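Coordinates in review
The residues making up each chain are set out below.
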Amino acid sequence: MEQALETAGAGKSAVSKGQVSGKKLDFVKLKTVVPSDAKARLLTEFSDLNTVLGGGILMGSVMLLAGQPGIGKSTLLMQICAEISKGHDVLYVSGEESAGQVKLRAERLGADSERLNFAASTSGNDIAKTIETGEFDLVIVDSIQTLAMDEISSAPGTVSQVTNCGNLIIRAAKATDTAVVIVGHVTKDGTLAGPKVLEHLVDVVLNFEGDRYGGFKTVRAVKNRFGSTNEVAIFEMAESGLKEVQNPSAALLAERTNTDGSVILATLEGNRPILVEIQALATPTNFGYPKRTASGFDLNRLNLLIAVLERRTKLKLSDKDIFVNVVGGMKLNDSAADLAICMAIASAVAGRKLGEEYVVFGEVGLGGEIRSAFRADQRIAEARKLGFLHAIGPSTVHDKFVIPAKDLRETLIRYVK
Ligand code: TYD
Ligand code: MG
């Protein structure tokens, strides 16, 4: 260590003489600074997406739109371009598709503005140079994984290419106050392939998630320097592109047939209360270990809840395969989903339906106790709005709508028996 310091100080640098090179910073009174989100915002046609963005796409901001291949990133961006190019100059750069291919999509989505331009390119330098001209208000770069810089010899998509191309583009965007959206593909497990570094460089990171084959897709901000990260926009892919789902609860419950194993959960997607149907199916295990499958729910959590059910309610599950499904392609990330999952499993095993008038929410502890859920009031409001009569929920909630549940065993005996 000592030696390392000495070597660093060798050559009689300023440090060894106790002097400082560099000059005094130019600082300003923070009070007089114009906040950067006071700049203009480009509005998309999707009101919920505008909310996710904190009020639209901010001029001069750089956004990363991340999602699995085929989820609809190019479609969403073309729709955004169609709207914004009505009043602004927009450039769509693709490194993946030709002008002809993009034109097909644009036609289908009704993008026909004079001010919408296209370029096919995989050169990070050329794209940055084009942004630097300041000719465009919005530039789309689809996708970062296809770009390469002349100065770097590694293949497109590698960390060094992604970081350097990203930096070049960001600098150009900031210099000319151009809004830029960069597309990033993610791998199967949901992590950004290669460009994790990019997340730190950009202003906004949007994740586009959901079922690739039908069902709902969600767009949420996992990082937003100019807005909250709690909002979510919900989309559905239709013939004519993506459509915002205005009342997801109603749409999610539309096809419900009340069978055993079906329970309605009052959950939250970001800040938004949503009712979803949880379905459970239990079949006898033919040989070997019982199988547990969860779609839209964490498998580890499911195994934990099954253990709690077995131990605390004496329900026998070790000889049954259990499948749990969250209808509509939603991915639950809500600890208050526990009670609904447990009730769905118990209902499937007992072959008994839960009354149609109930929604359920609450966390289940290892002791089989039912614990409080955050934002209970919003969950209740959504259930009321959709015509439910009661919620089975934690006893800490004081609302006539909620029938308090304290213990898992008691609750199951009362409602599923
Ligand atoms: P795409 O936006 O190309 O996905 P990504 O850029 O994320 O890879 O398209 C996703 C899918 O959407 C594609 O399989 C075709 C389908 N699609 C529609 O169903 N309707 C449409 O109007 C469009 C443009 C695409
Ligand atoms: Mg694409």
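Residues numbered from 1 in each chain as written. Chains lettered and ligands numbered in written order. Predicted model: local features only at pLDDT ≥ 70, side-chain atom pairs only at ≥ 80, totals over all residues. Heavy atoms only, no water.

Considering the packing of aromatic side chains
To describe a pair of aromatic rings, one takes the distance between the centres and the angle between the planes. Applying the stated criterion across every chain yields a total of four aromatic pairs. Taking the centre distance of 6.5 Å and the plane angle of 25 degrees together, the rings of tyrosine 92 and phenylalanine 118 count as stacked. Here the residue tyrosine 92 occupies a position in strand β4 (residues 90-94), and phenylalanine 118 occupies one in strand β5 (residues 116-120), the gap between them amounting to 26 residues. Judged by its relative accessible area of 1%, tyrosine 92 is buried. (Phe/Tyr/Trp six-rings, centres within 6.5 Å; stacked < 30°, edge-to-face > 60°. Helix = DSSP H or I, 4+ residues; strand = E, 2+ residues; numbered from the N terminus. Buried < 20%, exposed > 50% of the residue type's maximum accessible area, 1.4 Å probe, protein only.)

Re the domain arrangement of the protein chain
Much of the literature gives interface size as the accessible area that the parts lose upon coming together. Entries for the protein chain in the domain assignment read domain 1 (37-246) and domain 2 (250-415). Placing the centre of domain 1 and that of domain 2 at their C-alpha centroids yields a distance of 37 Å. Opposite the 13 residues of domain 1 that make contact, domain 2 presents 11 residues. Carbon and sulfur atoms make up 50% of the surface buried where domain 1 meets domain 2, a total of about 940 Å² over both sides. For the pair domain 1 and domain 2, the number of links is two salt bridges. The shortest N-O distance in the salt bridge between aspartate 48 and arginine 272 comes to 3.1 Å. Run the count over domain 1 and domain 2 and you get four residue pairs in polar contact (both at pLDDT 80 or more). (Domains from an automatic or database assignment. Contact = heavy atoms within 4.5 Å. Buried area = accessible area lost by both parts, 1.4 Å probe. Salt bridge = Lys/Arg side-chain N within 4 Å of Asp/Glu carboxyl O. Polar contact = N/O pair within 3.5 Å; in protein donor to acceptor, adjacent residues only side chain to side chain.)

Re helix α11 (residues 376-385)
Within α11, burial applies to Ala376, Arg379, Ile380, Glu382 and Ala383. All buried residues of α11 lie within an arc of 160 degrees about the axis, which places them on one face of the element. For α11, exposure combined with an orientation more than 90 degrees from the buried face picks out Asp377 and Lys385. Tucked inside the fold, the buried residues of α11 contact α8 (248-253), β12 (262-269), β13 (272-284), β16 (358-360) and β20 (402-405). Trailing α11 by a residue or two, glycine 387 shows a phi angle of about 90 degrees, which is positive. (Arc of directions from axis to C-beta.)

Comments concerning a positive patch on the surface
On the surface, a cluster of positive charge is made up of Arg311, Arg312, Lys314 and Arg409. In this fold, arginine 312 is placed in helix α9 (residues 299-313). (Patch = residues over 30% accessible without salt bridge, like charges linked within 9 Å, V, L, I, M, F, W, Y side chains within 5 Å. Areas by Shrake-Rupley, 256 points an atom, 1.4 Å probe, with all protein chains shown as cover. Lys, Arg positive; Asp, Glu negative; His and termini not counted. Charge placed at Lys NZ, Arg CZ, Asp CG, Glu CD.)

Description of the confidence of the model for the protein chain
The share of residues in the protein chain with pLDDT of 70 or more is 93%, and the mean pLDDT across the chain is 89. Below pLDDT 50 for its whole length, residues 4-10 participates in one contact with residues either more than four positions away or in separate chains. (pLDDT = per-residue confidence, 0-100.)

Topic: the pairing of strand β19 (residues 390-394)
Counting buried residues in β19 gives four out of five residues, a clear majority hidden from the surface. Where β16 and β19 come together, three bridges link them in parallel fashion. Paired with valine 360 across the bridge in β19 is isoleucine 392. Pairing of β19 with β20 involves four bridges; the strand directions are parallel. Across the sheet, residue proline 394 finds its bridge partner in β20, namely alanine 405. (Pairing = 2+ DSSP bridges.)

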